[in-house]
Amino acid sequence: MSGVDLDEHVALRLEAFRRHRPFRDTPAAAAAIREYLTPHHTSGSMRALRREAGVVAIAAWHFVPDTWFGAPSWNLAIDHRADAPADEIEAWLVDELGPALPTMDAELDVLVHASYRPVFAALQRLGLGIDSVQLVGEVDRAIAGLGDAPLPSGLRIESMTREDLPSVFAMLEDTFAEEPEHGWFCALPKFVAKQRVELENAVEDTNAHQLVVRDDRDRVVGHVGASLDLGNRLWGPCSSLGLCFARSIRGRGVLRPLYRAFLEGLRTRGVGVFRGGTSRPAVMHLGRVMDRTFQGASFRRNAPFSAEHFARVLDANAAA
Ligand SMILES: CC(C)(COP(=O)(O)OP(=O)(O)OC[C@H]1O[C@@H](n2cnc3c(N)ncnc32)[C@H](O)[C@@H]1OP(=O)(O)O)[C@@H](O)C(=O)NCCC(=O)NCCS
């Protein structure tokens, strides 16, 4: 593996990130991208498509035994020049990945940048499908987009307390065991154990941001929690989020006011960006209302949705 490959890969990926409005284009961001891609190039496999003028496309992969989501996975990083002929990129990737994919005997972890449509096409030809879309929101812009958002009567939003933990654990764990298609790893034992520790720590942490929705009998019927990352090098102070409603309050328009309360809490903490992956139509809809940027799509084997399920996100951002 040559350092030149890694340099070229970082340059391609940096160029792609620059197409996202909230991205913070700094040397620290370039360093973060380099750190992320280094194991692909030092302990993984790499293929490059080169022309006289230099590298056109790179695909690199390495095995990660211990991922944040709790399943050993092959992480693939695929990037290409924006001006490369789409047909050429697609055909090259099918040729290179076709023989390699069957040897990757674990989950795949592949987030493909929104602008890499030839990669989408190649992965689909190889039998992978979109599992979720990753959306990046800007807190002020999102609050402005949501506008006034009253809660349906009988419900209220409050900070999560230690006493709420059993109800929140049960709601999260039961939901994703019943509906794994909307979060395939959320019921994995390692993920569940990590989530419990995070929520237990959050109720002791005065800067944590965890909200619950209560009904008129004081039962917990909804939860949204921030995973704060105040030193993020790509986006500045940012947060990812987890979101869950009991069936009793779904479909009643509670998500808009809950997002609003959640975002106001992020703003108070100096957080400007929030990120999350989703396959939920309600989340994709409010993503448009909040003008969230489509960062990319996660692909898996046996993905449960057709490409049509994500069409409105993909079409709206075809030029992203
Ligand atoms: C994701 C979840 C919180 C959505 O809650 P919900 O109760 O369906 O959402 P709401 O009824 O508040 O709808 C929110 C908005 O989406 C719209 N919406 C709902 N379903 C829609 C659909 N199928 N297509 C398009 N828009 C839709 C609503 O009209 C509403 O828009 P509005 O505020 O402009 O009127 C809920 O389905 C849930 O808890 N699921 C289980 C946990 C989960 O999957 N979490 C992962 C989330 S990424």
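Just so it is clear, the structure is predicted and the values come from calculations on it, not from any experiment.

K.L.:
Looking at this structure, I do not really get the site of the ligand. What am I missing?
P.N.:
Taken together, 21 residues are adjacent to the ligand, and Phe 245, Leu 255, Pro 281, Ala 282 and His 285 come closest. Looking at the shell around the ligand, the elements with two or more residues in it are strand E9 (238-245), helix H8 (255-268) and helix H9 (281-289). When its residues are assigned to classes, the shell around the ligand shows 10 nonpolar, seven polar and four charged.

K.L.:
Is there a simple way to explain helix H2 (residues 27-42) in this structure?
P.N.:
For an α-helix, the turn length of 3.6 residues means that residues three or four places apart are oriented alike. With 16 residues, H2 extends 22 Å between its outermost C-alpha atoms, agreeing within 8% with the 22 Å of an ideal straight helix rising 1.5 Å per residue. Of all the bends in H2, the largest measures some 30° and sits at Tyr 36, one to four residues before the proline Pro 39. Along H2, the residues classified as buried are Ile 33, Leu 37, His 40 and His 41.

K.L.:
Mind showing me how you'd approach the domain arrangement of the protein chain here?
P.N.:
It is common to report an interface's size as the accessible area lost on association of the parts. When its domains are assigned, the protein chain resolves into domain 1 (3-126) and domain 2 (138-294). Here the C-alpha centre of domain 2 lies 30 Å away from the C-alpha centre of domain 1. In this complex, domain 1 contributes 14 residues to the contact, which on the side of domain 2 involves 13 residues. Sort the elements by how many residues they give to the side of domain 1 that touches domain 2 and H2 lands first, with four residues.

K.L.:
How do you make sense of the nonpolar core when you look at a structure like this?
P.N.:
Counting 75 residues, the largest nonpolar core has Ile 78, Leu 93, Val 112, Val 119, Val 133 and Phe 299 as its most contacted members. Once you skip the residues sitting within four places of it in the chain, Val 112 turns out to touch Ile 78, Val 119, Phe 120, Leu 123, Gly 296, Ala 297 and Phe 299.

K.L.:
Just to check I follow, could you spell out the pairing of strand E10 (residues 273-278) for this structure?
P.N.:
Side-chain direction in a regular strand flips from residue to residue, so the side chains alternate between the two faces of the sheet. For E10, the tally of buried residues reaches five of six residues, placing the bulk of the element in the interior. Pairing of strand E5 (residues 128-138) with E10 involves six bridges; the strand directions are antiparallel. Among the inter-strand pairings, Val 136 is bridged to a residue of E10, identified as Arg 275. When E9 meets E10, the two strands line up parallel, connected through three bridges. Looking across to E10, one finds that Ser 240 is bridged to Arg 275. On the question of chirality, the crossover connecting E9 to the parallel E10 by way of H8 is right-handed.

K.L.:
Quick question: what am I supposed to make of the packing of helix H3 (residues 86-100) against helix H4 (residues 117-125) here?
P.N.:
The description of two packed helices rests on the angle between their axes and on the distance between the axes. At a closest axis distance of 8 Å, the pairing of H3 and H4 adopts a crossing angle of 40°. One finds that H3 runs oblique with respect to H4. The hand of the H3/H4 crossing is right-handed. Of H4, the residues touching H3 (which contributes Ala 86, Ile 89, Glu 90, Leu 93, Val 94 and Leu 97) are Arg 117, Pro 118, Val 119, Ala 121, Ala 122 and Arg 125. For the contact of H3 with H4, the residue count by class is nine nonpolar, no polar and three charged.

Reading the values: the criteria
- Residues numbered from 1 in each chain as written.
- Predicted model: local features only at pLDDT ≥ 70, side-chain atom pairs only at ≥ 80, totals over all residues.
- Near = placed C-beta within 6 Å.
- Helix = DSSP H or I, 4+ residues; strand = E, 2+ residues; numbered from the N terminus.
- Nonpolar A, V, L, I, M, F, W, Y, C, P; charged D, E, K, R; others polar.
- Expected span 1.5 Å × (residues − 1).
- Bend = angle between axes of the 7 residues up to and from the residue.
- Buried ≥ 20, exposed ≤ 12 C-beta atoms within 10 Å, placed from the backbone.
- Domains from an automatic or database assignment.
- Contact = placed C-beta atoms within 7 Å.
- Core = buried A, V, L, I, M, F, W, Y, C linked by C-beta atoms within 7 Å.
- Pairing = 2+ DSSP bridges.
- Right-handed = clockwise from strand over helix to strand, strands pointing away.
- Axes fitted to C-alpha atoms, helices over the stretch in contact; angles between N-to-C directions.
- Parallel < 35°, antiparallel > 145°, perpendicular 65-115°, else oblique.
- Left-handed = near helix turned anticlockwise from the far one by under 90°.

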